[in-house]
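Breakdown of the fold
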Amino acid sequence: MYQIGGTIKEILESIQQNKFVLPAIQREFVWKPEQIARLFDSLMQGYPFGTFLFWNLNKQNSSKYKFYSFVRDYHERDNPHCPQLPIFHETDLTAVLDGQQRLTALNIGLSGSMAWRIPYKWKNNPDAYPVRRLYLDLLAESVEDVESGERYRFEFLTEKRVNEAGPGECWFKVSEILGMQAGPAMLEWVQKRLPAENMLPAYTILDQFYRVVHDKNLISYYEESSQDLEKVLNIFIRMNSGGTVLSYSDLLLSIAVAQWKGDAREEIHTLVDELNNTGEGFNFSKDLVLKAGLMLADIGSVGFKVENFNHANMAILEERWPDVKQALKVAVQLLASFGFNGKTLRADSALLPIAYYICHRKLDGKYVTKSAYNDDRQAIRTWLIRSLLKTSGIWGSGLDTLLTALRETIKKDADDAFPVAKLQEVMAKRGKSLQFSEEEIDTLAEMQYGDKRVFALLTLLFPFVDVTNNHFHIDHVFPKSRFTKAQFKKAELPEEEWDQLKEMGNSLPNLQLLNGQENEEKKAITPTQWMETAFTDDLKRSHYCEIHALGTVPPSLREYSRFHDVRAAALRQKIVDLLGIARESAE
């Protein structure tokens, strides 16, 4: 039944009293701060707010299902998830099937806050997540931005930023509108902060905002009163599977959550957070964990297909979840011990066959450190690196078919050791060969700084570097700061060589793995200057150059081209020795 009525203030009160709740099939809040600001701008401009879909659940059935409350104070690290509510008994509820993002945006903007990480600050630094609240600039001219269509200036700001407001700004904290009285109270607020010439336009905007929140009946909705979860789930699927706003994997995760006896959402999100906090940090998604669940629990064809998410399969996944979770944790610990993190792991899906192997053999955390497993770990590491270095990309198209085939191979041939040869054979049959052609070798030898494969290749070339127990940087042998026009001119290098030199300065022959502390010490000085300081005698310097394939390191950029060409040839030969060249290519 379609209904019209209700103000923004009224629906917010219902949210805060848990009269409006989120069913377990709903996904998390995903809107960005600018999307929330744009929603408020649309409301101020009188644009349609959209229609909501509500599910009226009667008191006899309210205790049968799991529900969550809306996010209010969003924190990217500490509070990104919808909090689960206690079981309701004998309570009439309204569950939101469509409109969660818009209602959460209102809840955050009018009642809460947002805290997201400042770029380049560490995740574990509490100062990296300043709390910001939504403000409206009452002095911003109400002129439509041609590009964005926005007319009103809503922004999430820190208290410090508001206190440092410029002379042309008057920031009103959006949440204050809920407790404010119309008329004199608003006028008094403006009078205290602005000179007479600015009062009228500021008051006009504030009054308009008050009416949008308090007076206008902007909420329109459809109501579904059926108490049959299957029917409601079908409605939800029909509402969400046709568009791109809700991804297909989000939808399937919602279905899985609805069919678990325990709290699947909490389990999956907690595991994702734990995996991503391993070592120096990863960027695994809930999609990957969900696919890992299908693979490690031996469900279906590993694909995100509706038939894989039926009640029977989800019961299997829930039963095997402790083993799935343990295997994923150990597998990520293993990747971290290889030195990988979110910045250097080119394909997250490469984790899945390793996790399945660990699950199949019921290996625990000792596998990562115990010397008895050294050879097996080395076999996994080499196989993983080869797969990550392939130019064509092993972990792209045809992934579900590949993972299903690898799972069958591990199940059959991996009772005692990681079956590298068998896996490579299966991969080759599916056009995913781990053999390298001459052309691919050349591509690797010419790889540029910033390519996610650089770290993997350097660890293969220089296996003696202890990336497990030390934080290593990908360092430029000759500092990057030396490859500028000013430096080239200072070194009296021919101008026609500058572009080529700049490219050469970022290529593999000028890269090495260096301990983080050593890299900080080295900074912008030449390699010869650094080695004279870092090593006490010629023998140690010579040994360092030998094991890192540096050859004779020149003292300045004038001789860099020669150094680059010699080391390029040495590294290419080393790559060939380690990876080999496919027979067809060699012929």
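About the thresholds
- Residues numbered from 1 in each chain as written.
- Predicted model: local features only at pLDDT ≥ 70, side-chain atom pairs only at ≥ 80, totals over all residues.
- Heavy atoms only, no water.
- Core = buried A, V, L, I, M, F, W, Y, C linked by side-chain atoms within 4.5 Å.
- Buried < 20%, exposed > 50% of the residue type's maximum accessible area, 1.4 Å probe, protein only.
- Helix = DSSP H or I, 4+ residues; strand = E, 2+ residues; numbered from the N terminus.
- Contact = heavy atoms within 4.5 Å.
- Expected span 1.5 Å × (residues − 1).
- Salt bridge = Lys/Arg side-chain N within 4 Å of Asp/Glu carboxyl O.

Thoughts on the nonpolar core
For soluble globular proteins, nonpolar side chains are generally found buried alongside one another. Residues Ile36, Phe154, Phe209, Leu328, Phe340 and Trp395 are the most contacted members of the largest nonpolar core, which totals 153 residues. For this core, the element with the most residues is helix α11 (residues 311–337), which contributes 12 residues. Those residues in contact with leucine 328 that sit more than four places away from it in its chain are Leu271, Leu275, Val289, Ala292, Leu296, Leu351 and Ala355. Counting residues in each nonpolar core, the second largest holds 20 residues, with Trp530, Met531, Tyr544 and Tyr560 among its members.

Things to note about unusual backbone geometry
Residue asparagine 18 is not a glycine yet carries a positive backbone phi of 60°. Note that asparagine 18 resides in the loop between α1 (8–16) and β2 (20–23). The class of asparagine 18 is partly exposed, set by a relative accessible area of 25%.

Quick notes on helix α2 (residues 33–44)
The end-to-end C-alpha distance of α2, which contains 12 residues, comes to 17 Å, matching closely the 16 Å that a straight helix rising 1.5 Å per residue would cover. Every buried residue of α2 is listed here: Pro33, Ile36, Ala37, Leu39, Phe40, Asp41, Leu43 and Met44. As for α2, its buried residues are in contact with α1, α3 (100–111), β7 (113–115), β8 (133–137), β9 (154–157) and α6 (196–214). Where α2 ends, the next residue or the one after it, glycine 46, has phi of about 80°, a positive value.

What to know about the pattern of salt bridges
Tallying each qualifying case throughout the model produces 27 salt bridges. Across the pair arginine 153 and aspartate 137 runs a salt bridge, and its minimum N-O distance is 3.0 Å. Here the residue arginine 153 occupies a position in the loop between β8 and β9, and aspartate 137 occupies one in strand β8, the gap between them amounting to 16 residues. Lysine 429 is the partner of glutamate 425 in a salt bridge, and the nearest nitrogen-oxygen pair spans 3.8 Å. In this pair, glutamate 425 and lysine 429 both sit in helix α15 (residues 420–429), four residues apart, roughly one turn of the helix.

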